[in-house]
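Residues per chain are reported as follows:
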Amino acid sequence: MRLFAAIRFSPAVEEALWAAVGDLRRRGAGTFTRRENLHLTLAFIGETDRLAEVKAALAALAGSGPVSLEAGGPLGRFGDLWWAGIRGGPALEALAGAVQNTLRAAGFPIERRVWKPHVTLVRRWRGPVPETQVSPAAMTAERISLMRSDRVDGRLIYTEVFSVRL
């Protein structure tokens, strides 16, 4: 299984992000993220058959407390990939760090690069530099979701397989 730990968005944050995807669709072409796949990755685990161990590691974070976050503002980019930034300050960074460190301690090879909270909106962008903005939206994250990534008929499908209440 290809797994990652993530925060799934509230309807308000999801709608703000989806409106930005719609604006991008009107301005150019590319591979757009599907609405049901919008999420904030806390840690990419990768291919593993150690599901029980991943669940146990994430379960150790239960009760650590909810985290506030917000979307909004201009898009950023990595080459031909455009993304929306997510702000949550030190509490969100601490949560991501705790998730990553807990998974590393359980023996998973989690990347050590600096974590940048973002949501991919489009890959392989073809068009002018978009002037798209994400409308401000905020939420309180109360769960960490363990997500499975599958490719079905050429499309990425993300499915929650486990969650932990913060």
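Placed above this text is the structure.
Residues numbered from 1 in each chain as written. Predicted model: local features only at pLDDT ≥ 70, side-chain atom pairs only at ≥ 80, totals over all residues. Heavy atoms only, no water.

Caption draft 1: A look at the overall build of the protein. Helix and strand content of the protein: three helices and nine strands. Ordering the α and β elements of the protein from the N terminus gives β-α-β-β-α-β-β-α-β-β-β-β. Relative to its length of 166 residues, the protein is compact, with a C-alpha radius of gyration of 16 Å against a globular reference of 15 Å. Considered along the principal axes of its C-alpha atoms, the protein spans approximately 45 × 35 × 25 Å. A buried classification covers 45% of the 166 residues belonging to the protein. Sequence separation of 24 or more characterises 78% of the internal contacts of the protein that already satisfy a separation of 6 or more. Of the roughly 8,500 Å² of accessible surface on the protein, 51% is carried by carbon and sulfur atoms. (Helix = DSSP H or I, 4+ residues; strand = E, 2+ residues; numbered from the N terminus. Rg over C-alpha atoms; globule rule 2.2 N^0.38 Å. Buried < 20%, exposed > 50% of the residue type's maximum accessible area, 1.4 Å probe, protein only. Contact = heavy atoms within 4.5 Å. Areas by Shrake-Rupley, 256 points an atom, 1.4 Å probe, with all protein chains shown as cover.)

Caption draft 2: Focus on the nonpolar core. The biggest cluster of nonpolar side chains holds 47 residues, and the ones touching the most others in it are F9, L17, V99, L103 and L121. In this view, V99 contacts A5, L42, A43, L58, L61 and I144; residues no more than four positions away in its chain are not counted. (Core = buried A, V, L, I, M, F, W, Y, C linked by side-chain atoms within 4.5 Å.)

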